[in-house]
Amino acid sequence: MRDPIDVVVSALPAIWMMDTGRYLVAATLMSIVLAVFWRAGLAERKLQARHATAGDIRREILLSLRTCLVFSLVGAAVVFAALQGWLTIYWSFKKAGPVYLVLSLALMLVAHDAWFYWTHRAMHHRHLFRLFHHTHHLSRTPTPWTAYSFSVPEALVQAAFVPLFLLLVPMHEVGLALFLGIQIVLNVIGHSGVQIHPAAFGPGHWLGWATTTTHHDLHHETGRSNYGLYFRWWDKLMGTEHPDYRRKFEAFAARRTARTSIGPDVPAGSAPSPSRSSIAIRHPLSGGGEPRSEQKSYSLS
């Protein structure tokens, strides 16, 4: 039997490729969606007047690639711990079937949302913000490439969830893969800067318990609210949801509907005056952003 350390070392390149690949694929696909559908209506749903610059995007990609390396090293440690029997990963369905896979995946997502909320909120404390979270908030106008733009300490905090969860709850390898896929897809959507969620995701609707791009974009804009990742539960319970979230979501979700409802026979001047987002047709990833104002450092006292 091979030495566990040899197994981990030989597996590290593959782990790095998977971590880096899922980030690059998800961010690239989201960027393509924005580019393809920009003039078809997404331009009207851009959440901020400011556009990310080429320098912003370059910084986000480089920092995210560094985060992928941190995630890969933690992933290699997880493999080593599993080989040592310190935590359990099921490699087949013999011990636990598909029902366990679904239930454990759901539990992992709920637990991760709680982990993210409380660690995220803690990193906004004035004594922790600059070390842990300031790097991520350099992206005042998020893009799909912002998803993993972390400092090394924050990357370690985010990566620590998986081994800690596995110490308590065994997971299928398929469940882990699904979790990592869901996490990066929702992360990239949340940082896309464009309200792509339909009205059903709005507060008071049947999917209103989920976060949206508007929800997280308000966090980057203000820095003092909306700490949740997948769900609004903790923000609602702890009173940390931005008071303008409902109004802003409903306003942007209605823009495409309002535009398409204006027929060709509407008299000139009777249509609503164009908003700042419908005037700014330039694609948000074009790199030609407005002059950048002084970067704010948001933290909680």
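Residues numbered from 1 in each chain as written. Predicted model: local features only at pLDDT ≥ 70, side-chain atom pairs only at ≥ 80, totals over all residues. Heavy atoms only, no water.

(A) Highlighting the overall build of the protein. In terms of helices and strands, the protein carries 11 helices and two strands. In sequence order, the secondary structure elements of the protein are arranged as α-α-β-α-α-α-β-α-α-α-α-α-α. Across the 301 residues in the protein, those meeting the buried criterion constitute 49%. In the protein, once contacts between residues fewer than 6 apart in sequence are set aside, the share between residues at least 24 apart is 77%. (Helix = DSSP H or I, 4+ residues; strand = E, 2+ residues; numbered from the N terminus. Buried < 20%, exposed > 50% of the residue type's maximum accessible area, 1.4 Å probe, protein only. Contact = heavy atoms within 4.5 Å.)

(B) A look at a nonpolar patch on the surface. Residues V25, L29, I32, V33, V36 and F37 make up a contiguous nonpolar surface patch of about 540 Å² in total accessible area. Mapped onto the secondary structure, F37 falls in helix α1 (residues 4–37). (Patch = residues over 30% accessible without salt bridge, like charges linked within 9 Å, V, L, I, M, F, W, Y side chains within 5 Å. Areas by Shrake-Rupley, 256 points an atom, 1.4 Å probe, with all protein chains shown as cover. Salt bridge = Lys/Arg side-chain N within 4 Å of Asp/Glu carboxyl O.)

(C) Layout of the confidence of the model for the protein. Residue-level pLDDT values for the protein average 86, and 84% of them are 70 or greater. Averaged pLDDT values for the elements of the protein fall to 40 in helix α11 (residues 276–279) and rise to 98 in helix α5 (residues 152–168). Segment residues 257–281 is flagged for pLDDT under 50; beyond a separation of four residues in sequence, or across chains, it makes 24 contacts in the model. When the criterion is pLDDT under 50, residues 291–301 qualifies, and its contacts beyond four places in sequence or with other chains add up to 32 contacts. (pLDDT = per-residue confidence, 0-100.)

(D) Spatial organisation of the packing of helix α3 (residues 98–123) against helix α6 (residues 173–190). At a minimum axis distance of 10 Å, the contact between α3 and α6 shows a crossing angle of 40°. Considered as vectors, α3 and α6 are oriented oblique to each other. Considering how the two elements wind past one another, α3 and α6 form a crossing that is right-handed. Contacts from L101, L105, M108, L109 and H112 in α3 reach V174, G175, L176, L178, F179, I182 and Q183 in α6. Classifying every residue of the contact of α3 with α6 gives nine nonpolar, three polar and no charged. (Axes fitted to C-alpha atoms, helices over the stretch in contact; angles between N-to-C directions. Parallel < 35°, antiparallel > 145°, perpendicular 65-115°, else oblique. Left-handed = near helix turned anticlockwise from the far one by under 90°. Nonpolar A, V, L, I, M, F, W, Y, C, P; charged D, E, K, R; others polar.)

(E) Structural context of the nonpolar core. Counting residues in hydrophobic clusters, the biggest one holds 24 residues, and the most contacted among them are Y23, F71, A147, Y148, I184 and V188. Contributing elements (two or more residues each) for this core: α1, α2 (54–84), α5 and α6. Setting aside its immediate chain neighbours within four residues, Y148 contacts R22, Y23, L63, S64, T67, C68, F71, Q183, I184 and N187. If you look at the next biggest cluster of nonpolar residues, it comprises 20 residues, including L87, L109, F116 and L176. (Core = buried A, V, L, I, M, F, W, Y, C linked by side-chain atoms within 4.5 Å.)

(F) Structural context of the pattern of salt bridges. Overall, the coordinates contain six salt bridges when judged by the stated rule. In this structure, R22 engages D19 in a salt bridge whose closest nitrogen and oxygen atoms are separated by 3.0 Å. One end of the pair is R22 and the other is D19, both in helix α1 and three residues apart, which spans about a single turn. Salt-bridge contacts for E241 lead to R232; the nearest nitrogen and oxygen are separated by 2.7 Å. Comparing E241 with R232 shows no difference in burial state: the two are buried. Among the charged side chains, a network of salt bridges with common partners joins R50, D56 and R59.

(G) The arrangement of the environment of H219 in detail. Relative to the helices and strands, H219 resides in helix α7 (residues 213–222). A C-alpha to C-alpha distance of 9.3 Å links H219 and R140, two positions 79 residues apart in sequence. With near-sequence residues (within four places) excluded, H219 lies in contact with H120, H124, H133, H137, S225, N226 and Y227.

(H) Quick look at the side chain of T213. Mapping T213 onto the fold places it in helix α7. If we ignore the near neighbours within four places in the chain, the residues touching T213 are L47, I189, G190, S192, G193, V194, Q195, I196 and H197.

(I) Layout of the side chain of T214. Its place among the elements puts T214 in helix α7. Setting aside chain neighbours within four positions, we find T214 in contact with L47, Q195, Y245, K248 and F249.

(J) Quick peek at the packing of aromatic side chains. In the structure shown here, the tally under the stated rule is 18 aromatic pairs. Look at W115 and F161: their rings are 6.3 Å apart centre to centre, the planes differ by 45°, and that puts the pair in the tilted class. Of this pair, W115 sits in helix α3 while F161 sits in helix α5, and the two are 46 residues apart along the sequence. On the basis of relative accessibility, which here comes to 24%, the residue W115 falls in the partly exposed class. Feature note: the residues Y23, F71, W145, Y148 and F150 constitute an aromatic cluster, connected by ring pairs. (Phe/Tyr/Trp six-rings, centres within 6.5 Å; stacked < 30°, edge-to-face > 60°.)

(K) Focus on α2. For α2, which comprises 31 residues, the first-to-last C-alpha distance of 45 Å matches the rise-based estimate of 45 Å (1.5 Å per residue) to within 8%. Count one or two residues on from α2 and you reach G85, which has phi positive near 85°. (Expected span 1.5 Å × (residues − 1).)

(L) Geometry of the packing of α1 against α2. Interhelical geometry of α1 versus α2 gives an angle of 145° and a closest axis separation of 8 Å. Crossing geometry of α1 relative to α2 is assigned as right-handed. Counted by class, the contact of α1 with α2 contains 19 nonpolar, five polar and three charged residues.

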